[in-house]
Amino acid sequence: MPSENNEFLDYVDSVNRKEKEKEEWEKTLQWKKEWRETTYAGMIIALMERSGAARFFEAIADSLEGGEDTASFYAIKIVYRVGIITSCIMFVFILGYIFKMLFGDEIVIEQEVVLVEEITRSQYEAEQREKKMRGEKVDETIPTVKKQSKVRQRRGKRD
């Protein structure tokens, strides 16, 4: 009787262990799926797998000794992923170089600043007289007329 009970407990333990391994495997698959959907590297790897290039590199890796369980298989798989990511980065740089050739090195924005100084007619005439006395060329253009505000001073007290 005790041996039958031990066999049953061993069976239950093995079933529980297999279920736990299955749950861990499902979590790993879920994390892998999430990684492929949320990261650029994962999206690139998924794109390569859909295009069929992944099967070629996996066939090369399988042809090595030991199949999927060897270190060389994992090393080639890592090199494959790094190569895909590097090629995508290089593609972006090449695309940027082409745009640089088409549109130029830099975009220059020029702004013209005009300063307008308002002066009274008496200041303008005094400036012209000084120029005449120094022998410089006198500006013959007519300046914009601005009315001078008269200031009235009152003396005395107001009632």
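In this text the structure is predicted, and so the values were computed from the model without any measurement.

Asker: How should the overall build of the chain be read in this particular structure?
Answerer: Secondary structure assignment for the chain yields five helices and zero strands. Order of helices (α) and strands (β) in the chain, N terminus to C terminus: α-α-α-α-α. Counting only contacts in the chain whose residues sit at least 6 apart along the sequence, the fraction spanning at least 24 positions is 31%. Carbon and sulfur atoms make up 57% of the accessible area of the chain, which totals about 15400 Å².

Asker: So what exactly am I meant to see when it comes to the side chain of R36 here?
Answerer: Inspection of the secondary structure assignment puts R36 in helix α1 (residues 2-38). Using a relative accessible area of 15% as the deciding quantity, one classes R36 as buried. Sequence-distant contacts of R36, that is, excluding residues within four places in its chain, are made with G42, M43, I45, A46, E49 and R81.

Asker: Mind showing me how you'd approach the nonpolar core here?
Answerer: Note that soluble globular proteins tend to have their nonpolar side chains buried in a common cluster. Residues I44, I45, M48, A54, Y80 and I84 constitute the largest nonpolar core, which totals six residues. Counting residues per element, the ones that place at least two in this core are α2 (40-51) and α4 (71-103). Broken down by element, the residue count for this core peaks at three residues, all from α2.

Asker: Looking at this model, I keep getting lost on a negative patch on the surface. Mind explaining?
Answerer: Side chains of E19, E21, E23, E24 and E26 sit close together on the surface and give a patch of like negative charge. Mapped onto the elements, E21 comes out in helix α1. Take E21: its relative accessible area is 48%, and that puts it in the partly exposed class.

Asker: Where do I start with the packing of α2 against α4 in this structure?
Answerer: In helix packing, the relevant descriptors are the interaxial angle and the interaxial distance, both defined with respect to the helix axes. Relative to each other, α2 and α4 sit at 105°, their axes nearing to 10 Å. Classified by the angle between their axes, α2 and α4 sit roughly perpendicular to one another. Each of A41, I44, I45 and M48 in α2 lies in contact with α4, whose residues at this interface are Y80, R81, I84, I85 and C88. Split into classes, the residues belonging to the contact of α2 with α4 amount to eight nonpolar, no polar and one charged.

Asker: How should I be thinking about the pattern of salt bridges in this particular structure?
Answerer: Two side chains of opposite charge can pair, provided their charged atoms sit close to one another. By the definition in use, this model includes one salt bridge. Across the pair R134 and E130 runs a salt bridge whose closest N-O atoms are separated by 3.7 Å. In this pair, R134 and E130 are both assigned in helix α5 (residues 121-134), four residues apart and thus about one turn of the helix distant.

Asker: Any chance you could explain the packing of aromatic side chains here in plain terms?
Answerer: Where two aromatic rings form a pair, the distance of their centres and the angle of their planes describe that pair. Here the structure, examined in full by the defined rule, presents one aromatic pair. Relative to F103, the ring of F99 lies with its centre 5.9 Å away and its plane at 15°, an arrangement referred to as stacked. With a gap of four residues between them, F99 and F103 both fall in helix α4, about one helical turn apart.

Asker: Before we go on, may I ask you to explain α4 in this structure?
Answerer: The α-helix winds at 3.6 residues per turn, so residues separated by three or four positions along the chain end up facing the same way. Over its 33 residues, α4 runs 48 Å from end to end, which matches the ideal 48 Å to within 8%, given 1.5 Å per residue. Turning to α4, its buried residues are F73, Y80 and I84. Just past α4, the residue G104 takes up positive phi, approximately 100°.

Asker: Please explain α5 as it appears in this structure.
Answerer: Over its 14 residues, α5 extends 20 Å from the first C-alpha to the last, a length consistent with the 20 Å expected when each residue adds 1.5 Å. Phi turns positive, to about 90°, at G135, one or two residues after α5.

Asker: Can you walk me through the environment of T38 in this structure?
Answerer: Position of T38 among the secondary structure elements: in helix α1. A polar side-chain atom of T38 sits 2.7 Å from the main-chain carbonyl oxygen of E34.

Criteria and thresholds
- Residues numbered from 1 in each chain as written.
- Predicted model: local features only at pLDDT ≥ 70, side-chain atom pairs only at ≥ 80, totals over all residues.
- Heavy atoms only, no water.
- Helix = DSSP H or I, 4+ residues; strand = E, 2+ residues; numbered from the N terminus.
- Contact = heavy atoms within 4.5 Å.
- Areas by Shrake-Rupley, 256 points an atom, 1.4 Å probe, with all protein chains shown as cover.
- Buried < 20%, exposed > 50% of the residue type's maximum accessible area, 1.4 Å probe, protein only.
- Core = buried A, V, L, I, M, F, W, Y, C linked by side-chain atoms within 4.5 Å.
- Patch = residues over 30% accessible without salt bridge, like charges linked within 9 Å, V, L, I, M, F, W, Y side chains within 5 Å.
- Salt bridge = Lys/Arg side-chain N within 4 Å of Asp/Glu carboxyl O.
- Lys, Arg positive; Asp, Glu negative; His and termini not counted.
- Charge placed at Lys NZ, Arg CZ, Asp CG, Glu CD.
- Axes fitted to C-alpha atoms, helices over the stretch in contact; angles between N-to-C directions.
- Parallel < 35°, antiparallel > 145°, perpendicular 65-115°, else oblique.
- Nonpolar A, V, L, I, M, F, W, Y, C, P; charged D, E, K, R; others polar.
- Phe/Tyr/Trp six-rings, centres within 6.5 Å; stacked < 30°, edge-to-face > 60°.
- Expected span 1.5 Å × (residues − 1).
- Polar contact = N/O pair within 3.5 Å; in protein donor to acceptor, adjacent residues only side chain to side chain.

So yeah, pure geometry; function would need other evidence.
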